[in-house]
Amino acid sequence: MIDIIDELRVDKQISIALAGAGGKTSLMEYFESSLSGKLLFTTSTKLADDQAGVYDRHVQLHWRIPNAADLAGVWHSLLVTDHINYEQARFIGLNPEQLLSLKELCGPENIPLVIEADGARKKLLKAPEAWEPVIPTFCDVVIYTCALTALDQQIDESLVFRSKIFAALTGSKIGDRITSEILVDYLKHPQGGLKNIPEKAQKILFLNQADLVADYYSKGMKIAEKLRGIYDHCFTGSLLPGQEKMERLF
């Protein structure tokens, strides 16, 4: 996945949106530690306050439009959010105007912009409400994450955020066991895994938590083969700190 991103950023600034569940935050941290050069991170939803410490610098906009001074200084990774909601212990994400301005600031220096565009309450899977995911139309790449550890577990709210919507989209019901067929049905559904992805964007699927699944490669490949031609690339792997690995399925 790093190779693909490096290839895309050779001659232009790229914008990457992360959606889904079971790995978005870990994927942001993986990019921070693995990609070279300057990297700018933000969110179009909300970000837990304890995540800010991962990055070299953190700028809070407090409802204003970002400017060049916000990007000044020496840094590898910069997190840009709006204000903090102390009651929720979350940083508020940027609105569409702020996001577009941030993209335009990144352009001249070819700084990749990584946007967490979905919220999943730390569940393994999620289904989107009407307003989700919040993916800017200018994004060049969308990476959709889900956890392989959800396989063979039951559909309920402890595992799947918005489980009733997930069940409706896949023709299943609460309490059903999540099979690879159900997961595939969700990932290819236009109101599921493909929802709000810009037409021009490359679609990358990441099946996370492979380290916790026996025979993860064959299980991942079973899912991947049914999504070939729907997603542009598919990876499986683990994002455990110090044990990160990525294996390409197509």
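Everything that follows concerns the structure shown earlier in this document.
This report concerns the structure included in the present document. The model shown is predicted, which means the values in this text are computed figures rather than measured ones.

1. Considering the side chain of R9
With respect to the helices, strands and loops of the structure, R9 is situated in the loop between α1 (2–8) and β1 (15–20). Polar side-chain contacts of R9 include one of 2.8 Å to the backbone oxygen of S36.

2. Concerning the sheet that holds strand β5 (residues 77–81)
Pairing in this open sheet of nine strands is mixed, and the strands run β4-β5-β2-β8-β1-β10-β12-β13-β14 from one edge to the other. Only two strands of the sheet have a single partner each, and these edge strands are β4 (57–60) and β14 (245–248). Strand-to-strand twist in this sheet, taken as the mean axis angle between neighbours without regard to direction, amounts to 25 degrees. When β1 meets strand β10 (residues 141–147), the two strands line up parallel, connected through five bridges. Bridge pairing links A17 to V142 in β10. Along the sheet, helix α3 (residues 96–106) makes contact with β1, β2 (39–43), β5 and β8 (113–116), crossing β8 at roughly 155 degrees.

3. Regarding the nonpolar core
L40, L187, L205 and I223 are the most contacted members of the largest nonpolar core, which totals 56 residues. Among the elements that line this core, the one with the most residues is helix α5 (residues 180–187), at five residues. Residues in contact with I223, not counting those within four places in the same chain, are L148, L151, S180, L183, V184, L187 and L207. Judged by nonpolar contacts, the second largest core, of 28 residues, contains L8, Y30, F41 and A52.

4. Some thoughts on the packing of aromatic side chains
One pass over the structure, following the stated rule, counts four aromatic pairs. Taking 6.4 Å as the distance between ring centres and 50 degrees as the angle between the ring planes, the aromatic pair formed by Y144 and Y186 counts as tilted. Highlighted residues: Y144 in strand β10 and Y186 in helix α5, separated in sequence by 42 residues. For the pair formed by Y144 and Y186, the shared burial category is buried. Centre to centre, the rings of F166 and Y186 are 5.0 Å apart; their planes meet at 35 degrees, and the pair counts as tilted. Of this pair, F166 sits in helix α4 (residues 163–170) while Y186 sits in helix α5, and the two are 20 residues apart along the sequence.

5. Details of helix α6 (residues 216–225)
One turn of an α-helix holds 3.6 residues; hence residues three or four places apart share an orientation. The set of residues buried in α6 consists of Y216, G220, M221, I223 and A224. Taken end-on, α6 shows its buried residues confined to a sector of 160 degrees, consistent with a single buried face. Of the surrounding secondary structure, the elements contacted by the buried residues of α6 are α5, β12 (202–208), β13 (233–238) and β14.

Here is what the cut-offs are and how they apply
Residues numbered from 1 in each chain as written. Predicted model: local features only at pLDDT ≥ 70, side-chain atom pairs only at ≥ 80, totals over all residues. Heavy atoms only, no water. Helix = DSSP H or I, 4+ residues; strand = E, 2+ residues; numbered from the N terminus. Polar contact = N/O pair within 3.5 Å; in protein donor to acceptor, adjacent residues only side chain to side chain. Pairing = 2+ DSSP bridges. Axes fitted to C-alpha atoms, helices over the stretch in contact; angles between N-to-C directions. Contact = heavy atoms within 4.5 Å. Core = buried A, V, L, I, M, F, W, Y, C linked by side-chain atoms within 4.5 Å. Buried < 20%, exposed > 50% of the residue type's maximum accessible area, 1.4 Å probe, protein only. Phe/Tyr/Trp six-rings, centres within 6.5 Å; stacked < 30°, edge-to-face > 60°. Arc of directions from axis to C-beta.

Don't take any of this as a statement about function, it's just geometry.
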